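Take a look at the letters that make up each chain.
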Amino acid sequence: MSQPKISPSTAREDLRTEPQVIRIVIIAIAVTFLTVFVVLPLVVVFAQAFSKGIGAYFAALSDPEALSAIRLTLMVAAISVGLNLVFGVIAAWAIAKFDFRGKTLLISLIDLPFSVSPVISGLVFVLLFGAQGFLGPWLQANDVHILFAVPGIALATIFVTFPFVARALIPLMQEQGTQEEEAAISLGASGLQTFFRVTLPNIKWGVLYSVLLCNARAMGEFGAVSVVSGHIRGETNTMPLLVEILYNEYQFVAAFAIASLLAMLALITLVAKTILERHLDEGRLPGD
Amino acid sequence: MNNGGAGRRNTLPGFGLTMGLTLTWLSVIILIPLAGLFLKSFELSLDQFWSILTSRRTLNALKISFGLAFAAAIVNLVMGLIIVWALVRYRFPGRRIFDAIVDIPFALPTAVAGVALTALFAEKGWLGAPLAELGIKVAFTPAGIFVAMIFIGIPFVVRTVQPVLIDLDAEIEDAAASLGANRWNTVSRVILPSLVPALLTGFALAFARAVGEYGSVIFIAGNLPNVSEIAPLLIVIRLSEFRYADATAIAVVMLVASFLLIFAVNRLQRWAQTRMPAH
Amino acid sequence: MIEVKNIVKKFGAFAALDHVDLKVANGELLALLGPSGSGKTTLLRIIAGLDWPDAGEVSFDGENALAHGASERHVGFVFQHYALFRHMTVFENVAFGLRVQPRAIRKDEAAIRARVKELLDLVQLDWLSSRYPSQLSGGQRQRIALARALAIEPRILLLDEPFGALDAKVRKELRQWLRSLHHEINVTSIFVTHDQEEALEVANRVVVMDKGRIVQIGTPGDVYDNPATAFVHSFIGESIVLPVEVRDGCVELGGKPLNISADGVSSGASKLFVRRHDMAIGPAGSGAFEGAVRHVRTFGPIQRAEVALSAGEGTTVIEIDAPRDRELQPGDIVSLHPRRYRIFAGQD
């Protein structure tokens, strides 16, 4: 059944494929590579997390420090995903539904954070808000805490996840064009009515998709957050930062227990993404 | 004055408001902070800038980051092509799962990838142990950095090349075959050349990502100055020593390099579009 | 009455509309006819408020329409590709315009339902009300788009290439249907088309456009029988076109005088336009042209002959339509005389 069938009637197919030996070698290389470099690291996370048994695993997760890191991570993700969602949809509307000069430049600027090293994404905020930074003295004088506090972590996370929503929605909204919106307007709908009744229902899967990816990145961000957090235990450690600290203290089970939560988040994200991509493909059918 | 007369432009409402909000948000979050970095670097004299960059430790860190990222991107280029070929052209058990798995390096938080790769390649790890018997040490050496960079780069090549190979018109292969080309000729002269722009784009994206990578590398790297210390880590170290000037100078160099890479990618994509317009 | 005055619209350097004036009386069914790029859709969109002119005026019953956006003009617009809301059922599509009205004047749910039902009955698609647009055929979508536009009781109905995306058979049926619907509801309607047959068959009045200008306005009979320009003559109906020379009131083809009047066209290179069925066949020597029949095809009531005119150097081959009772054979020498014709000065 799983044996590849080669019969004379598939002569045409033979023109389009390689000899069986080569096929098997290529598949073997691809599968081995993905297993070693991608699957095994994922498996190791769970193996290490449960290496001292289930009790140790849950003990590690219910540690107050772990709980506070989970809380902080959820909070930062909620803030940054929320803001980027609102502004991403607004940016996508402006860019996809109107023609103006400099559109390509604007899209490249929105894309910038993708090409900036996470460490630099954190550094720019240290240079702005740090003690030696541009706004540092004023912040200190007014007792405003941005760096080494939640606002700094949120800012760095917003920076890193900035492009996700707009980038996912712009091509989708461009593809859908402006005809349905024009129809709504000509039927007497206001701008907001048009957006909420016509545009939003058409992009809802795209919105969900972008929120999903944005959230995964927001919860998992390490480099940028590491630079601005100050690593104050129980206060400014997010889950990825706590993984580092525990790991460096040789608390491997605890480190991998937290890591396993993040890995699970990644897996759930991937599964949901695959399902959503199917919905998006359906929504894209031209039979409108 | 013109209210209600000729000359109004947009049918759909909200352009002014949404564009204004977009530019404001973009400036506050991205442009002003990045401009601050460049502004800070102008506080350095050219001599200072130069001596920071040419100090042995900085130079080595940059060499390690760029050199190993380049090597890893080459590996990704080759392996990416093989993986895409297997996923697109062949049917084998678990193909769809492996297709989904390619995205794991995108989705897995870098710190998690870092500790996982370290555990895997450490001397007592599942892969580290057999490698150690062969006398190969990966974790806490430059080889570890290399491995981590391969891990995070692979989806870039696969995901840029895959759609192009899928869209490739099967008729051109039949055409080549009907003109007497054997399979190897068809692949090397017809298919691979059409994939070149996508392969180069994927390579550049994987390279750019690996150069700036931090989380997945620092655990496995060993972080020995001049040997296995990457540039982003050196930025973090300089920051913790309050040597902001040093951190800024290194960051500016890396930022400019990644801008150039993105520019190259954009040019590549435009080239690909003019050479092979979408049908 | 809709009045468009001196409208100019440019896209970059390209003048889509070049000083266009148009008046549409209440209750008219008007066709904007022209080749693609002639500006007809742009004019329609400007009337609807979906595009804005660079200069000029648009008024509805004397009231400045440009003071209002599309949502305030009460214009029913039927889009070429229908633009049905794909996530709403047919019912909700038609109800949309009623649901988005300001609360003060919005109908209650029962009234909305009744009105939608009435409209769906009007377009004879009541039975589709819970389907989604993707489940409908092209002709059905077209009629739903029309019902949706009518829901807001528009003062004008604008249709952009209403039959453009449909196959030939459905197109013919819908033409009839649109005419009778217009008769029934009597809303001032303007539709855009590039298909002259469609314009002549459906509209009361036809506006022919070319290169951003209106070149002729008239009844279908007018524009067919008395085309104002060479462009209109060749664009509407099929014509035989011959390059002629007018010299002192005489018309010459290839240096040979034709036995017809120049109709006041001044001397110079000109073009002679004759409808195929307006070429009368007579015995040799009696008409303006002499020629040899090369090939004859008959279909239906028509006999179509290829005739090689012997005029000047070389031969010009034209196709004429002759009644079937006039027997033609390849090789016959015939004399042709245009019963009706037009001469337009200039090469183009």
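Nothing here was measured: the structure is a model prediction, and the numbers come from that model.

Engineer: In this structure, what is going on with the interface of chain A and chain C? I would like to understand it.
Structural biologist: In many reports, interface size means the accessible area that the parts give up when they come together. Facing the 19 residues of chain A at the interface are 24 residues of chain C. Taken together, both faces of the contact between chain A and chain C bury some 2100 Å²; the carbon and sulfur share is 56%. Where chain A packs against chain C, one counts two salt bridges. The partner of Arg86 of chain C in a salt bridge is Glu180 of chain A, and the shortest N-O contact between them spans 2.8 Å. Counting every contact that joins chain A to chain C gives five residue pairs in polar contact (both at pLDDT 80 or more).

Engineer: Before we go on, may I ask you to explain helix 3 (residues 53–61) of chain A in this structure?
Structural biologist: Think of an α-helix as 3.6 residues a turn; residues three or four steps apart then line up on the same face. Buried within helix 3 of chain A we find Tyr57, Ala60 and Leu61 of chain A. On an axial view of helix 3 of chain A, the arc spanned by its buried residues comes to 100°, and they lie on one face.

Engineer: Help me out: how do you make sense of the interface of chain A and chain B in this one?
Structural biologist: Each side of the interface is counted separately: chain A has 82 residues, and chain B has 82 residues. With both chains or domains summed, chain A and chain B bury close to 7600 Å², and 82% of this area falls on carbon and sulfur atoms. Our enumeration of links across chain A and chain B arrives at two salt bridges. As a salt-bridge pair, Arg183 of chain B and Glu18 of chain A come within 2.6 Å of each other at their nearest N and O atoms. Inspection of the region where chain A meets chain B yields eight residue pairs in polar contact (both at pLDDT 80 or more). For the side of chain A that touches chain B, the element with the highest residue contribution is helix 2 (residues 20–49) of chain A, accounting for 21 residues. Classifying every residue of the side of chain A that touches chain B by side-chain character gives 60 nonpolar, twelve polar and ten charged.

Engineer: What should I look at first to understand the domain arrangement of chain A in this one?
Structural biologist: Residues and elements named next belong to chain A. Per the domain assignment, the segments of chain A are domain 1 (1–49) and domain 2 (54–283). Computed over C-alpha atoms, the centres of domain 1 and domain 2 are 35 Å apart. Contacts between the two partners involve six residues from domain 1, matched on the other side by nine residues from domain 2. Taking both sides of the interface into account, the surface hidden between domain 1 and domain 2 amounts to around 630 Å²; carbon and sulfur atoms contribute 85%. Where domain 1 touches domain 2, the interface holds zero residue pairs in polar contact (both at pLDDT 80 or more).

Engineer: Sorry if this is basic, but what is going on with the side chain of Lys103 of chain A here?
Structural biologist: All names here are of chain A. Relative to the elements of secondary structure, Lys103 occurs in helix 5 (residues 103–111). Within the local environment of Lys103, its side chain forms a polar contact with the backbone oxygen of Ile95, the two atoms lying 2.8 Å apart. At 2.8 Å, the side chain of Lys103 forms a polar contact with the backbone oxygen of Phe98. Lys103 has contacts with Ile95, Phe98 and Gln174, leaving out every residue within four places of it along the chain.

Engineer: How should I be thinking about the sheet that holds strand 16 (residues 289–299) of chain C in this particular structure?
Structural biologist: The strands that make up a sheet are held in pairs by hydrogen bonds between backbone atoms, and each pair lies either parallel or antiparallel. All names here are of chain C. Pairing within the open sheet is antiparallel, and its five strands lie in the order 15-19-16-17-18. Each edge of the open sheet is held by one strand with a lone partner, namely strand 15 (279–282) and strand 18 (315–323). Ignoring strand direction, the axes of neighbouring strands in this sheet form an average angle of 45°. Sheet analysis places strand 16 next to strand 17 (residues 302–310), joined by eight bridges and oriented antiparallel. Counted as the bridge partner of Ala292 is Ala308 from strand 17.

Engineer: Just to check I follow, could you spell out the packing of aromatic side chains for this structure?
Structural biologist: Aromatic ring pairs: the centre-centre distance and the angle between the two ring planes describe each pair. A complete count under the given rule lists 28 aromatic pairs over all chains for this structure. On the basis of an interplanar angle of 90° and a centroid distance of 5.3 Å, the ring pair of Phe114 of chain A and Phe164 of chain A is categorised as edge-to-face. Linking Phe114 of chain A in the loop between helix 5 and helix 6 (118–129) with Phe164 of chain A in helix 9 (residues 163–176), this pair joins segments that are 50 residues apart in sequence. The interplanar angle of 90° and the centroid separation of 5.7 Å between the aromatic rings of Phe70 of chain B and Phe207 of chain B together place this pair among those described as edge-to-face. Linking Phe70 of chain B in helix 3 (residues 56–89) with Phe207 of chain B in helix 10 (residues 183–212), this pair joins segments that are 137 residues apart in sequence. Chaining the aromatic ring pairs together yields one cluster made of Phe222, Tyr247, Tyr250, Phe252 and Phe256 of chain A together with Tyr214 and Phe219 of chain B. The residue whose ring lies beneath Arg73 of chain C is Trp52 of chain C, and the NZ or CZ to ring-centre distance is 5.1 Å.

Engineer: Sorry, what's going on with the pattern of salt bridges here?
Structural biologist: Close approach of charged atoms allows side chains with opposite charge to pair. Residues and elements named next belong to chain C. Summed over all chains, the structure comprises 47 salt bridges over all chains. One salt bridge connects Arg175 with Glu201, and the closest N-O pair in it is separated by 3.2 Å. Linking Arg175 in helix 5 (residues 168–185) with Glu201 in helix 6 (residues 196–202), this pair joins segments that are 26 residues apart in sequence. On the basis of relative accessible area, Arg175 is assigned to the buried category, the value being 3%.

Engineer: Help me understand the side chain of Glu173 of chain B in this model?
Structural biologist: The residue Glu173 of chain B is located in helix 9 (residues 170–178) in this model. A polar contact is formed between the side chain of Glu173 of chain B and the side chain of Arg183 of chain B, at a distance of 3.1 Å.

Calculation notes
Residues numbered from 1 in each chain as written. Chains lettered and ligands numbered in written order. Predicted model: local features only at pLDDT ≥ 70, side-chain atom pairs only at ≥ 80, totals over all residues. Heavy atoms only, no water. Contact = heavy atoms within 4.5 Å. Buried area = accessible area lost by both parts, 1.4 Å probe. Salt bridge = Lys/Arg side-chain N within 4 Å of Asp/Glu carboxyl O. Polar contact = N/O pair within 3.5 Å; in protein donor to acceptor, adjacent residues only side chain to side chain. Buried < 20%, exposed > 50% of the residue type's maximum accessible area, 1.4 Å probe, protein only. Helix = DSSP H or I, 4+ residues; strand = E, 2+ residues; numbered from the N terminus. Arc of directions from axis to C-beta. Nonpolar A, V, L, I, M, F, W, Y, C, P; charged D, E, K, R; others polar. Domains from an automatic or database assignment. Pairing = 2+ DSSP bridges. Axes fitted to C-alpha atoms, helices over the stretch in contact; angles between N-to-C directions. Phe/Tyr/Trp six-rings, centres within 6.5 Å; stacked < 30°, edge-to-face > 60°. Lys NZ or Arg CZ within 6 Å of the ring centre and 35° of its normal.

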